[in-house]
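Reading the structure
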Amino acid sequence: MPQRQSWFEGWRLLAALTLSLILLSLWIASMRQFEVEGVRMVIRFTARSSLLLFCLAFSAAALARLWPNAWTRWQRRNRRYLGLSFAASHAIHAVAIVVFAWMDPASFAEATSAVSYIFGGIGYGFIIAMSATSFDRTAARIGSRAWRTLHLVGGYYLWLQFMVSFGKRVPAMPLYAAFLVPLLIVMSLRMIAMARHPRGQTVAAG
């Protein structure tokens, strides 16, 4: 008997999440009359929405293996679209950063460094490459081995980048440690799934 799918699936899921992120970002910026502080609030919001969507995509295969149920099957089935929603969230994040740099160059320069440009640029390079190969046609063009390698390495790099980005704020703002918890959980889930199913260890992020 074919599995019944809900409306909140596939491209409709991606469209709904992307539209929601855009509207929420505009609403957040409007709370400060679209001034610099409003833009910085959007940067913080999209960093957190990206974290959530990344964790959902990054843990999908592991959860489906460890605890197969309606939710984890839905999550695994829509991993590609959760990953693309993460990319959309981080695209909004990038736009907000560019607007911040344009509106307040001095504060932007103070908040960034050469290291953040380099590692952030690599992260966005992975996001673009992973998004571009999240379609059947482009995935087939690069081949299954290259696809698995790209999504595996990219997923772990982005995980590490999230750990560093949120972790470096913990000394000044201890509550930021809460954002490390889901990252540690999803990594633990992947490690457990890999140990139990060693042949399926090349689990892509999205």
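Structure: see above.
Here goes a summary of the coordinates provided. (Residues numbered from 1 in each chain as written. Predicted model: local features only at pLDDT ≥ 70, side-chain atom pairs only at ≥ 80, totals over all residues. Heavy atoms only, no water.)

Let us look at the overall build of the protein. For the protein, the helix and strand inventory stands at nine helices and zero strands. Going from N to C terminus, the protein has its helices and strands arranged as α-α-α-α-α-α-α-α-α. Taking 2.2 N^0.38 as the reference for a compact globule, 206 residues should give roughly 17 Å; the C-alpha atoms of the protein span a radius of gyration of 18 Å, in line with that estimate. Along the first, second and third principal axes, the C-alpha set of the protein runs to 55 × 35 × 35 Å. The burial tally for the protein puts 40% of its 206 residues in the buried class. Looking at the protein alone, contacts between residues at least 24 apart form 73% of all its contacts between residues at least 6 apart. As presented, the protein carries roughly 11800 Å² of accessible surface, and 69% of it is formed by carbon and sulfur atoms. Looking at the protein, you have 21 positive and 6 negative side-chain charges, and the mean spots of the two groups are 20 Å apart. (Helix = DSSP H or I, 4+ residues; strand = E, 2+ residues; numbered from the N terminus. Rg over C-alpha atoms; globule rule 2.2 N^0.38 Å. Buried < 20%, exposed > 50% of the residue type's maximum accessible area, 1.4 Å probe, protein only. Contact = heavy atoms within 4.5 Å. Areas by Shrake-Rupley, 256 points an atom, 1.4 Å probe, with all protein chains shown as cover. Lys, Arg positive; Asp, Glu negative; His and termini not counted. Charge placed at Lys NZ, Arg CZ, Asp CG, Glu CD.)

Taken together, the buried positions of helix α3 (residues 70–77) are Thr-72, Trp-74 and Gln-75. On an axial view of α3, the arc spanned by its buried residues comes to 160°, and they lie on one face. Lining the buried residues of α3 we find α1 (10–30), α2 (36–66) and α4 (79–103). For α3, the N-terminal capping position is held by Asn-69, with its side-chain oxygen 3.0 Å away from the main-chain nitrogen of Trp-71. (Arc of directions from axis to C-beta. Polar contact = N/O pair within 3.5 Å; in protein donor to acceptor, adjacent residues only side chain to side chain.)

For Ala-101, the position within the fold is in helix α4. In this structure the C-alpha to C-alpha distance between Ala-101 and Val-36, which are 65 residues apart in sequence, comes to 9.5 Å.

Attention now goes to the layout of surface pockets. Any empty space left between atoms is shown by rolling a water-sized probe over those atoms. Approximately 1200 Å³ is the volume found for the largest pocket. Around the largest pocket, the lining is made up of 35 residues, and of these His-93, Ile-97, Ser-165, Lys-168 and Arg-169 lie nearest the centre. At the level of secondary structure, the elements contributing two or more residues to the lining of the largest pocket comprise α2, α4, α5 (105–111), α6 (114–132) and α8 (144–167). (1 Å grid on protein atoms, 1.4 Å probe; cavity = no way out; pocket = protein on both sides within 12 Å on 5 of 7 lines; lining within 4 Å. Points joined across faces, edges and corners; volume = space filled by probe spheres on them.)

Attention shifts here to the environment of Asn-78. Turning to its location among the elements, Asn-78 is positioned in the loop between α3 and α4. Taking the relative accessible area as the measure of exposure, Asn-78 reaches 1% and is therefore buried. Separated by 58 residues in sequence, Asn-78 and Asp-136 have C-alpha atoms that sit 14 Å apart. Residues contacting Asn-78, with those up to four places away along its chain left out, are Phe-8, Glu-9, Gly-10 and Leu-13.

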